[in-house]
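# Descriptive structure summary
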Amino acid sequence: DQQVKQNSPSLSVQEGRISILNCDYTNSMFDYFLWYKKYPAEGPTFLISISSIKDKNEDGRFTVFLNKSAKHLSLHIVPSQPGDSAVYFCAASAQGGSEKLVFGKGTKLTVNP
Amino acid sequence: EAGVTQFPSHSVIEKGQTVTLRCDPISGHDNLYWYRRVMGKEIKFLLHFVKESKQDESGMPNNRFLAERTGGTYSTLKVQPAELEDSGVYFCASSPWTGEQFFGPGTRLTVL
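Residues numbered from 1 in each chain as written. Chains lettered and ligands numbered in written order. Predicted model: local features only at pLDDT ≥ 70, side-chain atom pairs only at ≥ 80, totals over all residues. Heavy atoms only, no water.

### Overview of the overall build of chain A
From N to C terminus, chain A includes 0 helices and 11 strands. Put simply, chain A runs from its N terminus to its C terminus through helices and strands in the order β-β-β-β-β-β-β-β-β-β-β. Its C-alpha atoms give chain A a radius of gyration of 13 Å, within 12% of the compact-globule value 13 Å for 113 residues. For chain A, the residues scored as buried account for 45% of the 113 residues in total. Of the contacts made within chain A by residues no fewer than 6 positions apart, 54% connect residues no fewer than 24 positions apart. Working note: accessible area of chain A is about 5400 Å², and carbon and sulfur atoms make up 48% of it. (Helix = DSSP H or I, 4+ residues; strand = E, 2+ residues; numbered from the N terminus. Rg over C-alpha atoms; globule rule 2.2 N^0.38 Å. Buried < 20%, exposed > 50% of the residue type's maximum accessible area, 1.4 Å probe, protein only. Contact = heavy atoms within 4.5 Å. Areas by Shrake-Rupley, 256 points an atom, 1.4 Å probe, with all protein chains shown as cover.)

### Examining the sheet that holds strand β3 (residues 19-24) of chain B
Residues and elements named next belong to chain B. With antiparallel pairing, the 4 strands of this open sheet are ordered in space as β1-β3-β8-β7. With one partner strand each, in any of the chains shown, β1 (5-7) and β7 (65-68) form the two edges of the open sheet. The mean inter-strand angle of the sheet, taken between neighbouring strand axes irrespective of direction, is 15°. Of the pairings in the sheet, the one linking β1 to β3 comprises 3 bridges and is antiparallel in character. (Pairing = 2+ DSSP bridges. Axes fitted to C-alpha atoms, helices over the stretch in contact; angles between N-to-C directions.)

### So, the interface of chain A and chain B
Opposite the 21 residues of chain A that make contact, chain B presents 18 residues. Of the roughly 1600 Å² buried between chain A and chain B on both sides combined, carbon and sulfur atoms contribute 59%. On the chain A side of the contact with chain B, S98, K100 and F103 of chain A bury the most area, a combined 30% of that side's loss. Linking chain A with chain B are 3 residue pairs in polar contact (both at pLDDT 80 or more), by the criterion used here. Elements that contribute at least two residues to the side of chain A that touches chain B include exactly β4 (32-38) and β5 (45-51) of chain A. The greatest single-element share of the side of chain A that touches chain B, amounting to 4 residues, is contributed by β4 of chain A. Grouping the amino acids of the side of chain A that touches chain B by side-chain chemistry returns 9 nonpolar, 7 polar and 5 charged. (Buried area = accessible area lost by both parts, 1.4 Å probe. Polar contact = N/O pair within 3.5 Å; in protein donor to acceptor, adjacent residues only side chain to side chain. Nonpolar A, V, L, I, M, F, W, Y, C, P; charged D, E, K, R; others polar.)

### Some remarks on the side chain of T107 of chain A
Its place among the elements puts T107 of chain A in strand β11 (residues 107-112). In contact with T107 of chain A, other than residues within four places in its own chain, are Q6, S8, P9, S10, L11, L21, A86, V87 and Y88 of chain A.

Right under this line is the structure:
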């Protein structure tokens, strides 16, 4: 039973446009959400996080939105750059992020020049 | 500041052999986690140390896997005896008390 779902295995966007990656979760105990970026043969790299007490967190070109009632979060990348091409994992945790991370299957983003 | 390091980067062993993976967390991080990604699937939790104590080992697949963190610094994950289905990439992560977890580059284990 997947508790964190990323229903789009892949996404392709043009350089300079917005990339929107989506994630849904089922466990109401999750209160901390993270996005990781992963290049081949490397470990996941932390991008941005959001606590359940917020509905938006922004860091440069990256913004994460959280809709608790819908159990949905999204990552917006504006503007998208070719270097953003990677696999993006959504992850969730309980207890304010001190517990294990539960990951989605990932979305492969390709940003075309 | 050095990140999380893992050794070896790759390991190829035969079924029935033993392999030990090592993780060095970021200095000062009390929390250390092991995860595994098998066959391109999602990254799955194995266990969580707080200092030298096992906080949560609910993700350990069976008793062929043994994790230790003596002294609360580096950790080892031993697989004995290894089976074909143990192949995958093993990631270690560390974190301060709460917040984001920082991942190492992973150890790619291939069991033939």
